[in-house]
Amino acid sequence: MLDAMFAASLQAAPAEACGLLGGRDGVATSHYPVPNVAPEPTERFVMDPAGQREAFTAMERRGEELVAIYHSHPSTGASPSKADLLSAHYLDAFYLIVGLRQGRPYLRAFRIHPRTRAAVEVRWLAVRPR
Amino acid sequence: MAVTIRIPALLRALVGDKSEVSVESGAVGEVLARLVSEYPDVKDRLYDEDGNLRRFVNVYVNGEDIRALDGEATQLKDGDEVAIVPAIAGGI
Ligand SMILES: [Zn+2]
């Protein structure tokens, strides 16, 4: 799944990639890439409404919950931006950011505090293949 | 004559932790206005300063995006279900 997120991020660059991970008990087991429909996709991401909806429907059908939301930062490093923190709505989910360092992808994971909007890095993450 | 509005997780705290709110039927815009008059805290989340639905707020009627219907003028029938789904988005 990590490979799938990395592949999607590399493929989308220089635009941002985005998607969802579904699973149970905080363990992600399914990857749902969602098209980025932002008008300026190298600077921000907006999930395609239909794609986002399909992903949530598929999760429901499989008895999964939303475990994580990811997007890529093709050129700015894998730290959440101010806009990322302010527009984060699904705060039960992990926020994952794929950074590309000289074309090599890496991942950082965060929780966003619902009130202060502060990001706390999560150092340990269970990502298991289906 | 009533329709059900499904409330997304992030707005539930603003409507007394309900996942659904029932309001009198009408056009989508009227129904959302009723939701806002009952729960004023929701207003800023749904509308921008000019009173337009925010770009990242998707509204569905029985599973259909209202942009594919008549937008906020879409007429609802008794028992219809309106779902508010914020698009997941972020800056750089
Ligand atoms: Zn970002």
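In this text, all values refer to a predicted model and were calculated from it rather than measured experimentally.

The number of helices and strands found in chain B is two helices and six strands. Along chain B, helices (α) and strands (β) appear in the sequence β-β-α-α-β-β-β-β when read from the amino end. Against the 2.2 N^0.38 benchmark of 12 Å for 92 residues, chain B shows a C-alpha radius of gyration of 12 Å, consistent with a compact globule. Its C-alpha atoms put chain B at 45 × 30 × 25 Å along the principal axes. Here chain B, with 92 residues, has 48% of them falling under the buried criterion. When contacts within chain B are restricted to residue pairs at least 6 apart in sequence, long-range pairs at least 24 apart make up 48% of them. When the accessible surface of chain B is summed, it comes to about 4,700 Å², and 44% of that surface belongs to carbon and sulfur atoms. Looking at charge distribution, chain B has the averaged site of its 10 positive side-chain charges lying 4 Å from that of its 17 negative ones.

Moving on, we come to the sheet that holds strand 2 (residues 27-34) of chain A. Residue and element names in this part refer to chain A. The mixed open sheet is built from six strands, whose spatial order is 2-1-4-5-6-7. Edge positions in the open sheet fall to strand 2 and strand 7 (119-122), since each of these has one partner strand only. Strand-to-strand twist of the sheet, defined as the mean angle between neighbouring strand axes without regard to direction, takes the value 30°. The sheet contact formed by strand 6 (residues 104-112) and strand 7 spans four bridges and is antiparallel. Residue pairing across strands places Ile 112 opposite Ala 119, the latter belonging to strand 7. Across the sheet, helix 1 (residues 2-12) is in contact with strand 1 (18-24), strand 2, strand 4 (65-73), strand 5 (94-101) and strand 6; its angle to strand 6 comes to roughly 110°.

So, how was this worked out
Residues numbered from 1 in each chain as written. Chains lettered and ligands numbered in written order. Predicted model: local features only at pLDDT ≥ 70, side-chain atom pairs only at ≥ 80, totals over all residues. Heavy atoms only, no water. Helix = DSSP H or I, 4+ residues; strand = E, 2+ residues; numbered from the N terminus. Rg over C-alpha atoms; globule rule 2.2 N^0.38 Å. Buried < 20%, exposed > 50% of the residue type's maximum accessible area, 1.4 Å probe, protein only. Contact = heavy atoms within 4.5 Å. Areas by Shrake-Rupley, 256 points an atom, 1.4 Å probe, with all protein chains shown as cover. Lys, Arg positive; Asp, Glu negative; His and termini not counted. Charge placed at Lys NZ, Arg CZ, Asp CG, Glu CD. Pairing = 2+ DSSP bridges. Axes fitted to C-alpha atoms, helices over the stretch in contact; angles between N-to-C directions.

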